[in-house]
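Geometric and topological summary
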Amino acid sequence: QVQLVESGGGLVQAGGSLRLSCAASGLGSSTYTLAWFRQAPGKERRFVAFVHWNGGRTSYADSAKGRFTISRDRPKNTVYLQMNILTPEDTAIYYCAAAPGSFFGDSLPVASVAHWGQGTQVTVLS
């Protein structure tokens with residue numbers, strides 16, 4: 001079955017950068033959209049970015065555009081989220097997610113996600 005394991009979170013000063021990794025297994029030959037979500041304390045889980053596993057098409061939330069980059073390395077079965085110019089508002093638990101099929105909307109609905117990683121904490125200091 002599909003399993004997702006995030007890594008790369010930690011503490012960073014405002015204006016700094018982090019790169020998150022998501023190691024995926026069990027994807028097989030199926031079509032998937034791989035995505036990053038984040039959830040701050042007391043708030044809803046929100047979409048950040050997605051990439052089509054096969055074709056590489058990407059999409060970003062407005063809060064991520066221009067600062068974050070999602071990518072995937074299929075031979076390594078890994079997706080990444082490069083985060084630059086971080087602010088305290090980016091502080092959250094970041095989750096890797098997989099949804100069957102290819103999505104062409106601006107956002108990926110939470111309800112479409114079939115598999116979640118355990119999350120990795122990102123804390124941005126002022």
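This text gives an overview of the structure that appears in the document. Bear in mind the structure is a predicted one, so any value in this text is a computation, not a measurement.

Parameters at a glance
Residues numbered from 1 in each chain as written. Predicted model: local features only at pLDDT ≥ 70, side-chain atom pairs only at ≥ 80, totals over all residues. Heavy atoms only, no water. Pairing = 2+ DSSP bridges. Helix = DSSP H or I, 4+ residues; strand = E, 2+ residues; numbered from the N terminus. Axes fitted to C-alpha atoms, helices over the stretch in contact; angles between N-to-C directions. Core = buried A, V, L, I, M, F, W, Y, C linked by side-chain atoms within 4.5 Å. Buried < 20%, exposed > 50% of the residue type's maximum accessible area, 1.4 Å probe, protein only. Disulfide = S-S within 2.5 Å. Salt bridge = Lys/Arg side-chain N within 4 Å of Asp/Glu carboxyl O. Phe/Tyr/Trp six-rings, centres within 6.5 Å; stacked < 30°, edge-to-face > 60°.

**A few points about the sheet that holds strand β1 (residues 3-7)**
Hydrogen bonds along the backbone pair up the strands of a sheet, which may run parallel or antiparallel. Across the sheet, which stays open at both edges, the four strands sit in the order β1-β3-β8-β7 with antiparallel pairing between neighbours. Each end of this open sheet is capped by a strand with a single partner; those strands are β1 and β7 (68-73). The average undirected angle you get between the axes of adjacent strands in this sheet is 15 degrees. Pairing analysis gives six bridges linking strand β3 (residues 18-25) to strand β8 (residues 78-83), with the strands arranged antiparallel. Bridging from a neighbouring strand, Cys-22 pairs with Val-79 of β8.

**Quick notes on the nonpolar core**
Leu-34, Trp-36, Leu-81, Met-83 and Tyr-94 are the most contacted members of the largest nonpolar core, which totals 29 residues. The next biggest cluster of nonpolar side chains, apart from the first, holds nine residues, and it includes Ala-35, Ala-61, Leu-108 and Val-113.

**Comments concerning the state of the cysteines**
By the definition in use, this model includes one disulfide. Between the sulfur atoms of Cys-22 and its disulfide mate Cys-96 the distance is 2.1 Å. Disulfide Cys-22-Cys-96: torsion about the S-S bond near -85 degrees, hence left-handed. Taken together, the residues Cys-22 in strand β3 and Cys-96 in strand β9 (residues 92-100) connect sequence positions 74 residues apart. For Cys-96, a relative accessible area of 0% corresponds to the buried category.

**Focus: the pattern of salt bridges**
Taken as a whole and assessed by the stated rule, the structure comprises three salt bridges. In this structure, Asp-90 engages Arg-38 in a salt bridge whose closest nitrogen and oxygen atoms are separated by 2.8 Å. In this pair, Asp-90 is assigned in the loop between β8 and β9 and Arg-38 in strand β4 (residues 32-39), connecting sequence segments 52 residues apart. Close ionic contact of Arg-67 with Asp-90 constitutes a salt bridge, the shortest N to O distance being 2.8 Å. With Arg-67 in the loop between β6 (58-60) and β7 and Asp-90 in the loop between β8 and β9, this residue pair connects regions lying 23 residues apart in the sequence. Just as Arg-67 is buried, Asp-90 falls in that class too. Salt bridges sharing common partners tie together Arg-38, Arg-67 and Asp-90.

**Some remarks on the packing of aromatic side chains**
All told, the structure shown has four aromatic pairs when counted by the stated rule. Look at Phe-37 and Phe-47: their rings are 5.9 Å apart centre to centre, the planes differ by 75 degrees, and that puts the pair in the edge-to-face class. Here Phe-37 is found in strand β4, whereas its partner Phe-47 is found in strand β5 (residues 46-52), with ten residues between them in sequence. What makes Phe-37 buried here is its relative accessible area of 0%.

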